[in-house]
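# Structural overview for review
Here is how the chains run, residue by residue.
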Amino acid sequence: MVQNRGRLRLALVLPLVVVALLAPAGAGAGVVQSSDGAISYAVTEVAAIEFAFRELINEERSNRSLAPLTSFDDLVDDARFQAWDMSEAGYLYHNPDLRDVTVSENWFKLGENVGYGPTVDILHQAFMDSEPHQANLLKTVYNYIGVGATIDDNGTIWVAMVFMHGPDGLGSATVQGPETFTVPFADDDNTTHEDAIAAIAAAGITSGCDTAASFYCPDAFVTRAQMATFLTRGLGLPAAGQDYFTDDNGSQHEDSINRLAEAGVTMGCADGSFCPRDLITRDQMAAFLVRAFNLPGAETDFFVDDTKSPHQASINALAAAGVTGGCGAETYCPTDRVTRGQMATFLAKAFGLI
């Protein structure tokens, strides 16, 4: 799939890579400490796998006198979430919202490879043996990459690679080796929401966005199904006595969705439907939280940009409770989608964790 900024153009549909499963790969994280023993860091096998893919790709490019691809955090976050979501679904698919992988407006072209298999080397060779996949790996115009991987319970590696042509200066410095990071997650260091993410992880509200519990994907957007699981875990809601919706069958979040419905926190998105894969907006999230925590109404109108939102009352209740200060001076940005990092902060404040 190739997309150009400004208008979507499906110029190339990439076939999916499916490799027969052989010897399983392991998972896990090793925790080490700084020299003074004060700070814990971890390096995971998943991070090593991502690094190995980047090294192999840049080696292929170097052999052809092509410039190396620089790792760009926005792309990495999306790729990690895509890999995890595919592993949970049990099948490969391309990100239908690829144009939204970066908040930067200055991209010109995007592409994606996805696959699963037993080892990095086998998967890399499968990509190289497929003409359209190889074209992404070796496309001259691309200068950024994000590699995301996860390992499922069977030891299978699922990987997503997002390629981008954008202006210089967006990416991080060339990665020299598998990253070290402050536990519990590898991808939230020095972010605005790091403390909140750590707090909800410690409270058991999240285990991250990959099966190895290595990453949180703070810049990925939150779906309605994921919101259900966040709230169900945090509230400790009991099991539901019935199946409320017809469109969540087979979802890993189905049990949480039913628990949330039985508790009266959600009525779905339409008759008999929950729309589990829809991305949640900031005003919808406000309504979820107000119902979940039974927050009282507010007499003050805190924001100037939510008058047309059907959830204006919930937004004001959330502000009155101190859970949100909006997205700017007197603005709430009600129709903006919620990232996982932002969600962590909303939840941590709502549960009184920070």
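An account of the accompanying structure is given in this report. If you're wondering where the values come from, they're calculated on a predicted model, not measured in any experiment.

The next point concerns the side chain of Glu60. With respect to the helices and strands, Glu60 occurs in helix H1 (residues 45-63). Here His124 takes part through its side chain, which lies 2.9 Å from a polar atom of the side chain of Glu60.

On inspection of all chains with the given rule, the structure shows three disulfides. Between the sulfur atoms of Cys269 and its disulfide partner Cys275 the distance amounts to 1.9 Å. With the S-S bond torsion at 75°, the cross-link from Cys269 to Cys275 turns out right-handed. Each bonded cysteine of the protein gets a number by its place in the sequence, and the pairs then read 1-2, 3-4, 5-6.

The next thing to look at is the nonpolar core. One finds Met227, Leu231, Met285, Leu289, Leu318 and Met343 to be the most contacted residues of the largest nonpolar core, which totals 40 residues. At the level of secondary structure, the elements contributing two or more residues to this core comprise helix H5 (194-202), helix H6 (224-235), helix H7 (254-262), helix H8 (282-293), helix H9 (312-320) and helix H10 (340-350). Ignoring anything within four residues of it in the chain, the contact list for Met343 reads Val222, Met227, Phe230, Met285 and Val338. One finds Leu69, Trp84, Val120 and Ile145 within the second-largest nonpolar core, a separate group that totals 30 residues.

For residues that are not glycine, phi is negative in most cases, and the peptide bond is trans in most cases. Along the chain, Val183 connects to Pro184 via a cis peptide bond; the corresponding omega equals 15°. One non-glycine residue, Ser65, lies in the positive phi region at around 60°. The topology assignment puts Ser65 in the loop between H1 and strand S5 (70-71). Ser65 gets classed as exposed once you look at its relative accessible area, which sits at 70%. Despite not being glycine, Cys217 has its phi angle at roughly 60°, a positive value. Looking at the secondary structure, you find Cys217 in the loop between H5 and H6.

Calculation rules
- Residues numbered from 1 in each chain as written.
- Predicted model: local features only at pLDDT ≥ 70, side-chain atom pairs only at ≥ 80, totals over all residues.
- Heavy atoms only, no water.
- Helix = DSSP H or I, 4+ residues; strand = E, 2+ residues; numbered from the N terminus.
- Polar contact = N/O pair within 3.5 Å; in protein donor to acceptor, adjacent residues only side chain to side chain.
- Disulfide = S-S within 2.5 Å.
- Core = buried A, V, L, I, M, F, W, Y, C linked by side-chain atoms within 4.5 Å.
- Buried < 20%, exposed > 50% of the residue type's maximum accessible area, 1.4 Å probe, protein only.
- Contact = heavy atoms within 4.5 Å.

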